[in-house]
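Listed below, chain by chain, are the residues.
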Amino acid sequence: MSALVKIAGLTRIFDVSKPWLNRLLERRPKAFLKAVSDVDLQIEERTVYALVGESGSGKSTIGKVVVGLLAPSEGSVEIEGVDLHRETDAAKVDHVRSDIQMIFQSPFASLNPRWKVRDIIAEPVAARGGDTKGLSERLLEQVGLAAGDADKFPHEFSGGQRQRICIARALASNPKLIVCDEPTSALDVSVQAQVLNLMSDLQEDLGLTYLFITHDLTVVQHMADTVGVLYLGRLVEEAPRDALFERARHPYTQMLFEAAPRIDAFGREVDPPKGEIPDPINPPSGCAFHPRCPLAIERCTRERPEMRQLGPARVACHMAEP
Amino acid sequence: MQNTALLTVENLCVEIPTRRGILKPVDDVSLQIAPGEILGVVGESGAGKSMTGNAVIGLLDPPAHISGGQVLLNGKRVDNLPREQMRRVRGKQIGMVFQDPLTSLNPLLPIGDQLVETIQEHLPVSQREARDRAVAALDEVGIPAASSRIDSYPHEFSGGMRQRVVIALALCAEPDLVIADEPTTALDVSVQAQIISLLKKLCRERGTGVMLVTHDMGVIAEASDRVAVMYAGRLAEIGPVRQVLTDPQHPYTAGLMGSTPGASLGRRRLNQIPGTMPGLNAVPDGCAYHPRCPRAEAKCRAEPRPPVSGSASCWFPGEVKI
Ligand SMILES: Nc1ncnc2c1ncn2[C@@H]1O[C@H](COP(=O)(O)OP(=O)(O)OP(=O)(O)O)[C@@H](O)[C@H]1O
Ligand SMILES: Nc1ncnc2c1ncn2[C@@H]1O[C@H](COP(=O)(O)OP(=O)(O)OP(=O)(O)O)[C@@H](O)[C@H]1O
Ligand code: SF4
Ligand SMILES: [Mg+2]
Ligand SMILES: [Mg+2]
């Protein structure tokens with residue numbers, strides 16, 4: 001196997017300052033938010049890499065950098081060996097771009113309501129001057145809709161059907177990598193099951209690679225080969241799925257797994273997690289998790305833990321054990 | 001059960017007259033909640049969960065209205081009370097928690113004022129005592145340093161903290177029943193675990209009954225004592241949570257469980273329920289589920305509707321293999 005995506009030292013900073021006049025009047029400095037901080041990870045070809053983490057942990061930001069919607073502030077993202085933000089050969093960039101597609105959470109917002117489904121699906125190919133004859137019809141059938149649906153408009157479809165249309169559009173340019181940002185979060189479980197099954201089938205049939213972003217651990221457990229856990233923009237643990245669900249090694253992953261509701265845990269009394277996610281503009285020193293961590297020692301308040309290989313996992317924690 | 005029930009809903013029907021006919025978002029629903037009991041209500045989007053809750057608290061948006069059946073609280077009918085009297089029951093006897101905490105909070109008033117106002121409206125206490133109770137209520141729901149946060153405005157709290165304030169507000173008049181409609185759907189799992197644990201503790205310690213509306217099967221399993229499964233405005237199944245989720249009698253419940261990723265671990269594919277839930281203007285004759293049901297027979301397609309046998313409303317309950 002070889003890595004299709006190589007993310008090294010990725011950091012993305014947002015300027016969240018107030019307008020300059022307010023800053024001047026209130027004598028405030030500029031404010032910056034590190035949405036992603038020094039993340040290293042690789043995604044093997046034909047695998048599903050799931051990124052999990054709570055709201056604001058930086059999942060979508062990583063996804064957007066990977067597809068090229070956002071530029072890294074530091075570090076690099078290479079896809080098929082090409083760094084989209086540094087490569088100067090336009091033909092190479094264009095080629096790699098067509099290998100990457102994205103599917104978003106809201107199948108309502110991401111479809112142009114005034115376009116026919118045929119044009120929506122074919123758009124990524126048409127934009128590059130490709131042949132679109134019969135393309136939409138073929139893709140519609142591939143995602144379990146009817147060829148005749150090509151003449152309809154998005155509002156004529158249910159949420160699950162619209163997500164299928166989004167998937168069809170993502171497939172149009174014959175991509176290798178699809179970044180899926182919470183693709184089923186807005187759907188009912190019954191519809192989610194249809195969409196997840198479709199995504200698994202397509203992955204197998206077409207040899208796709210997914211970067212699968214979600215906060216739902218049951219979906220992760222169902223879909224992922226490898227799981228990366230984010231906390232405040234930092235990758236705190238990464239492991240093969242089964243190893244991670246068998247034993248999480250990072251205290252934050254443990255807390256997250258413990259808090260997640262389980263369908264077989266009738267009447268379980270959880271000792272709910274303490275505290276809240278800190279302000280991302282002023283994250284805690286050292287290990288960002290230390291104010292909430294049951295294992296924290298003095299060193300954790302000072303020194304940011306490096307990623308260490310512990311058994312099958314990579315873990316960023318001073319106290320974690322193999 | 002009959003005489004100890006806190007809430008009794010009998011054959012409740014809600015109708016919405018429209019130009020194209022009468023819609024029935026709640027159709028012949030009967031259920032009970034005992035003191036200290038949590039009844040989970042699940043079902044796909046549009047199944048009528050919120051409408052049922054809103055009908056119980058007398059908050060249906062016209063033209064939707066109760067068209068049949070009755071709602072009894074502590075043995076007294078509340079569905080036919082005049083508007084002003086119902087407003088007093090709400091708040092005093094029934095508390096409410098909705099998905100978006102901002103719908104229950106006035107953004108322009110400090111949270112303390114809102115609590116004091118609610119307490120004084122329902123309990124004969126002085127301003128001083130009301131304020132003390134407000135602090136105690138915030139303390140009880142886990143707002144740190146409650147006495148110093150009481151004069152803060154809603155926007156000064158995080159989403160999870162705001163939802164706690166709403167719970168404090170719903171509980172400060174010490175109601176017998178709480179209707180919680182997707183109270184944790186917008187929250188992270190760690191915050192969700194905190195809120196659910198809080199609701200369970202309050203029920204246990206005060207004997208408050210809770211109707212917990214959610215589409216998260218995991219939350220249902222962990223939090224509720226009994227569960228009601230709704231489909232197309234009707235009750236498909238109702239019974240003790242462990243029994244219903246592990247040995248579903250209604251094919252719809254079995255289908256939902258099979259679609260839930262966590263419940264079908266190790267299975268490569270999730271169970272798919274074919275099709276989608278019908279719109280209210282196209283609810284089929286007989287059993288509303290028959291077009292999607294793997295065991296439907298001629299009887300299911302014809303009136304009358306299936307009778308309730310055991311926990312399920314189905315002609316052929318039990319032994320569902322999926
Ligand atoms: N364009 C932006 N400008 C300023 N801050 C941003 C911007 N985009 C994201 N952020 C901030 O960066 C952090 C990470 O955001 P991101 O959307 O990547 O999180 P996420 O893990 O996808 O969360 P969610 O589960 O809520 O979607 C958050 O604190 C967010 O507020
Ligand atoms: N004013 C209205 N006119 C017509 N139909 C309506 C109206 N209000 C609600 N409905 C319909 O009533 C049905 C029940 O809605 P309800 O909000 O109770 O569903 P729910 O089970 O709470 O779903 P969700 O999980 O999406 O919150 C839905 O099919 C909805 O479309
Ligand atoms: S590094 Fe320290 S604070 Fe961070 S998770 Fe590990 S033990 Fe806890
Ligand atoms: Mg996101
Ligand atoms: Mg609802």
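Bear in mind the structure is a predicted one, so any value in this text is a computation, not a measurement.

1. Let's talk about the sheet that holds strand β4 (residues 65–73) of chain B
- Strand order in the open sheet formed by 4 strands is β2-β1-β4-β5 (chain B), and the pairing between neighbours is antiparallel. Looking along the sheet, the strands with just one partner apiece sit at the ends: β2 (21–33) and β5 (76–77) of chain B.

2. Concerning the packing of aromatic side chains
Residues and elements named next belong to chain A.
- As enumerated under the stated definition, the model contains 7 aromatic pairs over all chains in all.
- Here Tyr 231 and Tyr 252 contribute two aromatic rings whose centre-to-centre distance is 4.4 Å and whose plane-to-plane angle is 45°, an arrangement assigned as tilted. Taken as a pair, Tyr 231 in strand β9 (residues 226–231) and Tyr 252 in helix α10 (residues 251–259) lie far apart in primary sequence, 21 residues in all. Each of the two residues, Tyr 231 as well as Tyr 252, counts as buried.
- A centroid spacing of 4.9 Å and a plane angle of 25° characterise the contact between Phe 245 and Phe 257, whose relative ring orientation is stacked. One end of the pair, Phe 245, is in helix α9 (residues 241–246); the other, Phe 257, is in helix α10, and 12 residues separate them in sequence.
- One aromatic cluster is present, formed by Tyr 231, Tyr 252 and Phe 289 through successive ring pairs.

3. Comments concerning the interface of chain B and chain A
- Residue-level contacts link 41 residues of chain B with 38 residues of chain A.
- When chain B packs against chain A, close to 3400 Å² is buried across both sides, 55% of that on carbon and sulfur atoms.
- Three residues, Val189(B), Glu222(B) and Arg268(B), lead the burial of chain B against chain A; their summed loss comes to 19% of the area buried on that side.
- Notably, a salt bridge pairs Glu222(B) with Arg268(A), separated by 2.8 Å at the nearest N-O pair.
- Among the elements of the structure, α7 (189–206), α8 (217–223), α9 (241–246) and α10 (251–259) of chain B are those that each provide at least two residues to the side of chain B that touches chain A.
- Here the side of chain B that touches chain A gets 8 residues from one element, more than from any other, and that element is α7(B).

Rules used in this analysis
Residue indices begin from 1 for each chain and proceed along its sequence in written order. Here the convention is simple: chains get letters from A, ligands get numbers from 1, in the order in which they are written. For this predicted model, a pLDDT threshold of at least 70 governs which residues receive local features, and a threshold of 80 or more governs which side-chain atom pairs are given and counted, while totals over whole chains, interfaces and linings are taken from all residues. Only hydrogens and water are removed before side-chain values are computed, so all heavy atoms of the structure are retained for them. Two strands make a pair as long as DSSP finds a minimum of two bridges between them. Numbering of helices and strands starts at the N terminus; helices are DSSP runs of H or I of at least 4 residues and strands are runs of E of at least 2. Think of it this way: a Phe, Tyr or Trp ring, Trp meaning its six-membered ring, pairs with another when their centres are within 6.5 Å, and the plane angle makes it stacked under 30 degrees, edge-to-face over 60, tilted otherwise. Buried means the residue's accessible area, taken with a 1.4 Å probe over protein chains only, is under 20% of the maximum for its type, while exposed means over 50%, and partly exposed covers the values in between. Any two residues having at least one pair of non-hydrogen atoms within 4.5 Å are treated as being in contact. Put simply, buried area is how much 1.4 Å-probe accessible surface two parts lose in total, over both of them, once they are put together. Salt bridges, as used here, are contacts in which a Lys or Arg side-chain nitrogen is within 4 Å of a carboxyl oxygen on Asp or Glu.

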